[in-house]
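Chains, contacts and geometry: an overview
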Amino acid sequence: NAGVMQNPRHLVRRRGQEARLRCSPMKGHSHVYWYRQLPEEGLKFMVYLQKENIIDESGMPKERFSAEFPKEGPSILRIQQVVRGDSAAYFCASSPGTGFEAFFGQGTRLTVV
Amino acid sequence: DQQVKQNSPSLSVQEGRISILNCDYTNSMFDYFLWYKKYPAEGPTFLISISSIKDKNEDGRFTVFLNKSAKHLSLHIVPSQPGDSAVYFCAASKAGNQFYFGTGTSLTVIP
């Protein structure tokens, strides 16, 4: 049973480009969480999704950021018109439901140049 | 608003001794608590969890204690080993919602 798979592991984008981060949850997991870790900071919640539904997006910036978890395929975190401040490690986690631990992927390190 | 707090950014412990990592929370609705371990350039790894109906959960060298009245939990590692050196995050959730993480405590176990 493969763990949570995130790709790419490293992503470099120029200012103004779009970044797409993908997350394939563990088999049987229908809950996906995205977190961001800025340098020297902890994990900041961004969005919580279940299949085809956004449950909580209270941590998502209001502009340029969006997330989806379609019926088929990975969850996608999309950042449009990236800026230097978007440079961070983005982690995805999945769980089979509420009341269970979440398992994390290795993260995608986004660098905006 | 930081609902889960780890007030000690770092901790150093001699190998073989006990490591105690602390975590405080503000939301009395939290009913599930977890500890994660994180190495540089890797994702957090789940260590141990505890439900609010319990006050202690043990797994090998790791024990988590929950004091609901004080809104405090702690992770005890005994005996500490050099391989335990990492950043430890506590997290909390309430049913059906996201996990709230603390800012982490960097543990160094000195051989």
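Everything discussed here concerns the structure shown above.
First, a word on scope: everything that follows refers to the structure included in this document. (Residues numbered from 1 in each chain as written. Chains lettered and ligands numbered in written order. Predicted model: local features only at pLDDT ≥ 70, side-chain atom pairs only at ≥ 80, totals over all residues. Heavy atoms only, no water.)

1. Concerning the packing of aromatic side chains
Residues and elements named next belong to chain A. Applying the stated criterion across every chain, the model contains 14 aromatic pairs over all chains. Between the aromatic rings of Y35 and F45, the centroid separation amounts to 5.9 Å while the plane-to-plane angle is 70 degrees, which identifies the pairing as edge-to-face. Placement of Y35 in strand β4 (residues 31–37) and of F45 in strand β5 (residues 43–50) is noted, with a sequence separation of 10 residues between them. Residue Y35 shares its accessibility class with F45, and that shared class is buried. (Phe/Tyr/Trp six-rings, centres within 6.5 Å; stacked < 30°, edge-to-face > 60°. Helix = DSSP H or I, 4+ residues; strand = E, 2+ residues; numbered from the N terminus. Buried < 20%, exposed > 50% of the residue type's maximum accessible area, 1.4 Å probe, protein only.)

2. A word on the sheet that holds strand β1 (residues 5–7) of chain A
Residues and elements named next belong to chain A. With antiparallel pairing, the 4 strands of this open sheet are ordered in space as β1-β3-β8-β7. Because the sheet does not close on itself, it has two edges, and the strands there are β1 and β7 (65–68). Across the sheet, the mean angle from the axis of one strand to that of its neighbour is 15 degrees, orientation sign disregarded. Of the pairings in the sheet, the one linking β1 to strand β3 (residues 19–24) comprises 3 bridges and is antiparallel in character. Note that in β3 the partner of Q6 across the bridge is C23. (Pairing = 2+ DSSP bridges. Axes fitted to C-alpha atoms, helices over the stretch in contact; angles between N-to-C directions.)

3. Topic: the pattern of salt bridges
Residue and element names in this part refer to chain A. By the definition in use, this model includes 4 salt bridges over all chains. Notably, a salt bridge pairs R20 with E18, separated by 2.8 Å at the nearest N-O pair. Across the salt bridge formed by E18 and R78, the nearest N and O atoms sit 2.9 Å from each other. Here E18 is found in the loop between β2 (10–13) and β3, whereas its partner R78 is found in strand β8 (residues 75–79), with 60 residues between them in sequence. Through salt bridges that share partners, E18, R20 and R78 make up one connected network. (Salt bridge = Lys/Arg side-chain N within 4 Å of Asp/Glu carboxyl O.)

4. Remarks on the environment of B:N67
Residue and element names in this part refer to chain B. Mapped onto the elements, N67 comes out in strand β7 (residues 62–67). Its relative accessible area of 35% is what places N67 among the partly exposed residues. Measuring from C-alpha to C-alpha, the distance between N67 and K54 comes to 9.3 Å, with 13 residues separating the pair along the chain. Not counting chain neighbours up to four residues away, the residues in contact with N67 comprise Y25 and H72. (Contact = heavy atoms within 4.5 Å.)

5. Section: the interface of chain A and chain B
Listed per partner, the contact involves 22 residues of chain A and 18 residues of chain B. Summing both sides of the interface, chain A and chain B together bury roughly 1,600 Å²; the carbon and sulfur share of this comes to 58%. Together, A:L43, A:E101 and A:F104 form the three largest contributors to the area buried by chain A at its contact with chain B, with a combined 28%. At the boundary of chain A with chain B, the tally comes to 0 salt bridges. For the pair chain A and chain B, the number of links is 6 residue pairs in polar contact (both at pLDDT 80 or more). Secondary structure elements with two or more residues in the side of chain A that touches chain B: β4, β5 and β6 (53–56) of chain A. Sort the elements by how many residues they give to the side of chain A that touches chain B and β5(A) lands first, with 4 residues. (Buried area = accessible area lost by both parts, 1.4 Å probe. Polar contact = N/O pair within 3.5 Å; in protein donor to acceptor, adjacent residues only side chain to side chain.)

6. Points about the environment of A:G85
All names here are of chain A. Checked against the element boundaries, G85 lands in the loop between β8 and β9 (88–95). When the C-alpha atoms of G85 and V112 are compared, they prove to be 7.9 Å apart, with 27 residues separating the residues in sequence. Setting aside residues no more than four positions away along its own chain, G85 makes contact with R36 and L38.

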